[in-house]
Amino acid sequence: MSVSSILNADLHCHSVVSDGTLTPEELALRARTNGVELWALTDHDEVGGQHRAIAAAHANGLKYLTGVEISITFAGHTVHIVGLGVDPDEQGLKQGLRSTRGGRSERAMEMSEQLARVGIKDAYEGALKFVGNPELISRTHFARFLVESGVCKDTSEVFRKYLIEGKPGFVEHRWATLQNSVEWITQAGGVAVIAHPARYKFSANEEFALFSEFKTHGGRGVEVVTGSHTAAEYVTYADMAREFGLAASRGSDFHSPDESHTDLGTLPFLPGQLTPVWDLVADRIQ
Ligand code: AMP
Ligand code: MN
Ligand code: MN
Ligand code: MN
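The rules we used
- Residues numbered from 1 in each chain as written.
- Chains lettered and ligands numbered in written order.
- Predicted model: local features only at pLDDT ≥ 70, side-chain atom pairs only at ≥ 80, totals over all residues.
- Heavy atoms only, no water.
- Pairing = 2+ DSSP bridges.
- Helix = DSSP H or I, 4+ residues; strand = E, 2+ residues; numbered from the N terminus.
- Axes fitted to C-alpha atoms, helices over the stretch in contact; angles between N-to-C directions.
- Contact = heavy atoms within 4.5 Å.
- Near = heavy atom within 4 Å.
- Polar contact = N/O pair within 3.5 Å; in protein donor to acceptor, adjacent residues only side chain to side chain.
- Areas by Shrake-Rupley, 256 points an atom, 1.4 Å probe, with all protein chains shown as cover.
- Nonpolar A, V, L, I, M, F, W, Y, C, P; charged D, E, K, R; others polar.
- Donors = N, O, S within 2.8 Å, 3.2 Å for Na, K, Ca; no water.
- Buried < 20%, exposed > 50% of the residue type's maximum accessible area, 1.4 Å probe, protein only.
- Core = buried A, V, L, I, M, F, W, Y, C linked by side-chain atoms within 4.5 Å.
- Parallel < 35°, antiparallel > 145°, perpendicular 65-115°, else oblique.
- Left-handed = near helix turned anticlockwise from the far one by under 90°.
- Salt bridge = Lys/Arg side-chain N within 4 Å of Asp/Glu carboxyl O.

Participant: What's the story with the sheet that holds strand 8 (residues 247-251) in this structure? I'm lost.
Facilitator: The strands that make up a sheet pair up through hydrogen bonds in the backbone, lying either parallel or antiparallel. The sheet built from 5 strands is open, its strands ordered 4-5-6-7-8 with mixed pairing. For this open sheet the edge positions go to strand 4 (67-74) and strand 8, each flanked by a neighbour on one side alone. For this sheet, the mean angle separating the axes of adjacent strands, direction not counted, is 40°. Both strand 7 (residues 221-226) and strand 8 contribute to a ladder of 5 bridges, which runs parallel. Bridge pairing in strand 8 places Val222 opposite Ala248. Contacting strand 4, strand 5 (77-84) and strand 6 (191-194), helix 8 (residues 178-187) crosses the sheet at an angle of about 160° to strand 4.

Participant: Help me understand the site of ligand 1, please; the structure alone is not making it clear to me.
Facilitator: By nearness alone, every residue bordering ligand 1 is listed as Asp19, His44, His80, Arg104, Arg107, Ser138, Arg139, Thr140, Phe159 and His255. Contacts to ligand 1 include Thr140, whose side-chain N or O atom sits 3.2 Å from an oxygen atom. Within the side chain of His255, a nitrogen or oxygen atom sits 2.9 Å from an oxygen atom of ligand 1. The fraction of the free accessible surface of ligand 1 (500 Å²) that becomes covered by protein chains is 77%. Broken down by secondary-structure element, the contributors of at least two residues to the shell around ligand 1 are helix 4 (104-117) and helix 6 (139-148). Residues belonging to the shell around ligand 1 are distributed by class as follows: 1 nonpolar, 5 polar and 4 charged.

Participant: Where do I start with the coordination of the manganese ion (ligand 3) in this structure?
Facilitator: Reference geometry at the metal: tetrahedral coordination by four donors gives ideal angles of 109.5 degrees; octahedral coordination by six donors gives 90 or 180 degrees. Taken together, Glu69 (OE), His80 (ND1) and His196 (NE2) make up the full set of protein donors to the manganese ion (ligand 3), lying 2.1 to 2.2 Å away. In primary sequence terms, the donor set of the manganese ion (ligand 3) follows E-x10-H-x115-H. The distance between the manganese ion (ligand 3) and the manganese ion (ligand 2) is 5.6 Å. A residue pair is termed long-range when its members are at least 10 positions apart, and Glu69 in strand 4 and His80 in strand 5 qualify at 11 residues. Take Glu69 and His80: they sit in the same class, and that class is buried.

Participant: So what exactly am I meant to see when it comes to the sheet that holds strand 3 (residues 63-64) here?
Facilitator: Ordered by their spatial adjacency, 3 strands build an open sheet running 1-2-3, and the pairing between neighbours is parallel. At either end of the open sheet lies a strand with only one pairing partner, and these are strand 1 (9-10) and strand 3. Sheet topology places strand 2 (residues 38-39) next to strand 3; 2 bridges connect them, and they run parallel. Within strand 3, the position partnered with Leu38 by the bridge is Lys63.

Participant: Sorry if this is basic, but what is going on with the nonpolar core here?
Facilitator: A general feature of soluble globular proteins is that nonpolar side chains tend to end up buried together. In this structure, Leu11, Ile81, Phe211 and Val224 are the most contacted members of the largest nonpolar core, which totals 53 residues. It is helix 10 (residues 231-244) that contributes the most residues to this core, 6 residues altogether. Here Phe211 is in contact with Ile194, Pro197, Val222, Tyr237, Met240, Phe244 and Leu246, once residues within four sequence places are set aside. Grouped together as the second largest cluster of nonpolar side chains are 18 residues, Ile120, Tyr124, Ala127 and Phe145 included.

Participant: Explain the packing of helix 8 against helix 9 (residues 204-217) here, please?
Facilitator: Geometrically, a packed helix pair is captured by the angle between its two axes and the distance between the axes. Running from N to C, helix 8 and helix 9 point in directions that differ by 40°, and their axes come no closer than 9 Å. Taken as axis vectors, helix 8 and helix 9 run oblique relative to one another. Like other packed secondary-structure pairs, helix 8 and helix 9 cross with a definite hand, here right-handed. On helix 9, the residues touching Leu178, Gln179 and Val182 of helix 8 are Leu210, Glu213, Phe214 and His217. Class assignment for the residues of the contact of helix 8 with helix 9 results in 4 nonpolar, 2 polar and 1 charged.

Participant: Sorry, what's going on with the coordination of the manganese ion (ligand 2) here?
Facilitator: Bound to the manganese ion (ligand 2) on the protein side are Asp19 (OD), His44 (NE2) and His255 (NE2), at distances that span 2.1 to 2.2 Å. Ordering the donors of the manganese ion (ligand 2) by residue number gives the pattern D-x24-H-x210-H.

Participant: Help me understand the pattern of salt bridges in this model?
Facilitator: A side chain with one charge can pair with a side chain of the opposite charge if their charged atoms come near. Counted according to the given criterion, the structure contains 12 salt bridges. Ionic pairing is found between Arg30 and Asp263, a salt bridge with its closest N-O pair at 2.9 Å. Of this pair, Arg30 sits in helix 1 (residues 24-33) while Asp263 sits in the loop between strand 8 and helix 11 (277-280), placing them 233 residues apart in sequence. Between Arg101 and Glu135 there is a salt bridge, with its nearest N and O atoms 2.8 Å apart. In this pair, Arg101 sits in helix 3 (residues 91-101) while Glu135 sits in the loop between helix 5 (123-128) and helix 6, placing the two residues 34 residues apart along the sequence.

And the structure:
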C-alpha cells in the first residue's frame, strides 16, 4: 500500500453554493472537527465557492484541493465527473460550467408544472426558498420543499416517489458531454475523476464504455471509497481502478447534517495497492 493512502482525505462534498445546507466556512470547521487532513469542496457545476473554501481550509489548518462535480449525460444517463486541483479562475472551465448550469431554471419550472399536475402546487417557488445560488436550483431543493410541506417524511422518499426517472416530477435533461467535462477540468490544470460509479444503472457494457472513453479523453481517477458505495463496492471499484490504470479517490459526498448518512472524514481509508488521486495532484494541494 502506498504510504500516502493512509490519509483522512475527503474530496467530495457540497455547500450552499450548490445543494448542500452548510456554508464553505461551516464545512471547513466540521471537516477539522472530524479529523480531515486534506479537503475539497466539490459543488455541482459551480466553482463560485472555491475562494471561500481555500480561506476557510487555511483558517482551520486543513490542506486543500479545489474541486467541482460536473453533471454530464452519457449513454442516456446522468453521470457525475469530479474535477480536483482545477484553477477556479480559468475561463474555459468557468464558461463551460456556466453553459451547463444554464438549463436548470427552465428544467425547474417544468418540474414544477409536472408536480402541479399531481396536486403539488407552487413547487418552483417553494424550492427557491432553499436555494443558496440562483443559478443552481436542483432536485435536492425540490426535495427539501416537499419535506417541509409534509408531502414526504424525508428527501429520499421524495426522490423515490417524485424525482427519479419515471416519476411525476422528473424532467429529462441534457447535460454536458463526457469529453466536455474532462477537457474543462484538464485544461484548468486539474484531474478528472468518475464520481460514485456504483450509483449509475449501467449494464456491464455501458460501464466499460464509460471507463474506456473517460480514459481516452484524459480522465485519471475514480471514486472508490464514497458515501454512496457499500463495502463490497469498494472492492469492485478498487479492481476497476487497477484494471483501467486509474487513481483512486475518497469522499463522503456530504450535503447536510440532517440528510447525509456519511459525515465528512468518517469513511474507511482507501484499500491497498491503489494510487491515491492526491498523489497525482500533489503540486496543486494548497
Ligand atoms: P440535480 O443535479 O438537480 O439532478 O440533482 C441531483 C442531486 O440530487 C444529487 O447531487 C444528490 O444530491 C440528490 N439526489 C439524487 N438522487 C437522490 C436520492 N435518491 N436521494 C437523495 N438525494 C438524491
Ligand atoms: Mn447533490
Ligand atoms: Mn454526485
Ligand atoms: Mn456530490
